[in-house]
Amino acid sequence: MPYRDIVVTLIVVCSLPFCLTRPWIGILMWSWIGYMNPHRLTWSFAYTLPFAMMVAIATLVGLLFTRERKPLPRTSEVYLLIALWVLFSISTFFAFSPTDAFDQYDKVSKILLVTFVTMLLFQEIEKLKMLLYVIALSIGYFGLKGGIWAIATGGGNQVLGPPDSFIAGNTEIGLAINMVLPLLLLLSRFETRRWMKLGLRATFFFGIFGSLFTYSRGALLGLGLVLTLIFVRSRAKFFLIPLAIVVVLFGKSMVPEQWLNRMGTIQTYEQDRSANMRLNAWWVSYQLALDNPLVGAGFRPFTPAVYLRYSPEEKWNDWQDAHSIYFQVLAEHGFTGLALYLALIGSTLISLRRVRRRARANPALEFHYATAQMLEVSLLGFLVTGAFLSMSYFDLFFHMVAITVMLKVMVLQEAPAPVVARPVPTPAVVTRPRGRGPVTA
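As the structure is a computational prediction, the values presented were derived from the model and not from experiment.

Analysis parameters
Residues numbered from 1 in each chain as written. Predicted model: local features only at pLDDT ≥ 70, side-chain atom pairs only at ≥ 80, totals over all residues. Heavy atoms only, no water. Core = buried A, V, L, I, M, F, W, Y, C linked by side-chain atoms within 4.5 Å. Buried < 20%, exposed > 50% of the residue type's maximum accessible area, 1.4 Å probe, protein only. Contact = heavy atoms within 4.5 Å. Helix = DSSP H or I, 4+ residues; strand = E, 2+ residues; numbered from the N terminus. Polar contact = N/O pair within 3.5 Å; in protein donor to acceptor, adjacent residues only side chain to side chain. Salt bridge = Lys/Arg side-chain N within 4 Å of Asp/Glu carboxyl O. Phe/Tyr/Trp six-rings, centres within 6.5 Å; stacked < 30°, edge-to-face > 60°. Lys NZ or Arg CZ within 6 Å of the ring centre and 35° of its normal.

Let's talk about the nonpolar core
- Phe 382, Phe 394, Leu 396, Phe 397 and Ile 403 are the most contacted members of the largest nonpolar core, which totals 111 residues.
- Apart from the residues lying within four places of it in its own chain, the contact partners of Phe 394 are Tyr 35, Phe 166, Ile 167, Leu 175, Ala 176, Met 179 and Phe 382.
- Counting 10 residues, the second largest nonpolar core, distinct from the first, contains Ala 281, Phe 302, Val 306 and Tyr 310.

Observations regarding the side chain of Asn 292
- Note that Asn 292 resides in the loop between α12 (273-291) and α13 (304-310).
- Owing to a relative accessible area of 18%, Asn 292 belongs among the buried residues under this scheme.
- A polar atom in the side chain of Asn 292 sits 2.9 Å from the backbone oxygen of Leu 288.
- Asn 292 has contacts with Phe 96, Ala 297 and Gly 334, leaving out every residue within four places of it along the chain.

Overview of unusual backbone geometry
- One non-glycine residue, Asn 37, adopts positive backbone phi at about 50°.
- Along the chain, Asn 37 falls in the loop between α2 (23-36) and α3 (51-65).
- By relative accessible area, which is 8% here, Asn 37 ends up buried.
- In this structure, Tyr 215 takes a positive phi of about 65° despite not being glycine.
- Of the residues examined, Tyr 215 reaches a relative accessible area of 6% and is grouped as buried.

Remarks on the pattern of salt bridges
- Considering all chains together, one arrives at 14 salt bridges under this definition.
- Between Lys 107 and Asp 103 there is a salt bridge whose closest N-O contact spans 3.8 Å. Remark: Asp 103 and Lys 107 occur in helix α5 (residues 98-121); sequence separation between them is four residues, near one turn of the helix.
- Residue classification places Lys 107 among the partly exposed positions, given a relative accessible area of 42%.

Examining the packing of aromatic side chains
- Per the stated rule, a full pass over the model turns up 19 aromatic pairs.
- Plain terms: the ring middles of Phe 88 and Tyr 393 are 5.7 Å apart, the flat faces sit at 85° to each other, and that makes the pair edge-to-face. Residue Phe 88 is found in helix α4 (residues 76-93), and its partner Tyr 393 is found in the loop between α15 (366-385) and α16 (395-414); the two are separated by 305 residues along the sequence.
- Among the residues examined, Phe 88 registers a relative accessible area of 1% and is labelled buried.
- Tyr 393 sits in the buried class, given a relative accessible area of 2%.
- Taking 5.0 Å as the distance between ring centres and 80° as the angle between the ring planes, the aromatic pair formed by Tyr 141 and Phe 142 counts as edge-to-face.
- The exposure class of Tyr 141 is partly exposed, given its relative accessible area of 30%.
- Linked through ring pairs, Tyr 341, Phe 382, Phe 397 and Phe 398 together constitute an aromatic cluster.
- In this structure, Lys 129 packs its charged tip against the face of Phe 367, placed 4.7 Å from the ring centre.

Below you can see the structure in the form of structure tokens.
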């Protein structure tokens, strides 16, 4: 009896009326399905059902009639997202592989559409907290499960994500776990229910091991940065210091030799086939961009023919993608696309700094301040880990841009306006005829 399939199907179907009447609930459901992929954890009819499309249709119809919709914020991030979407449309029209490009364009467009709808519906802090919970726990589940499994089995196998999903691979799920670790710690800090606080911190703890035992070198580098920044910026050092001691004392004895050998290739990348293939892919991406500097080669241009044309090293000539968020955008959308993508990242990081600066002095905005702080850590983790895999269009990256925009809007609305001192009026002087002196009016 496919109990899992029935449960997941009932949850999604029963949520559709709520998605229709309260479309912000639809965004929460879409996020749960998109990040946790519960249907990919079933074994029967639910595995291939289009749950995300069902929720999206109900949400978009509800969006037309809801009064909870707010105007789209006019920020630099919003304009850059629109510019990127326009460029994606143009590059797809001139793509090297039109069929594959249109398929990927359809997926990316859906992600961008949901990103804009999120900004329309989540300009309230309580709703934003719910969205953070859904994102953190949906991905954190795989870190918790993977970490427990890795410790129980001695870490002899890779931790992987849900099959047939955006985060199925080891490096992909490692990236996702790294990005939600700061969110888990953030939510645990402001959580008042003891059982929930402990659950969030347990998910954070095991998520570290879940990321480590993906056997991804990129995930390891990103995890190192994320944990360092969390330690420097977090107030929960009383929790992090004992955790670090446990990892140092017992971590080495728990790590199998094959993991150490795998991570050791970071220093000897010249001799590692995987690393050399990645460097070759970056070279091919750069050459593609040189020949198509304005709009690139379109989505998914990497074919055996492209490698035969551009690759200087035949021994590393296995067909693969760009293996980097930066080189992926460069190859697919040219130098124009890379400039817009980097501008979006830079603008988001600058906005998070501004939110922190504006919210620092206002106790009522403590959660806004802490959220901006942890989002910055998450994005930096994405930038480091993403340098080694093609996840340029990851839903969570665009969701974090949207959350940054909403934080900025809320902080500007709630922060008190600066007090401007009124000028002291100076007495007017009336000049009388000579000999009588000035008279003050």
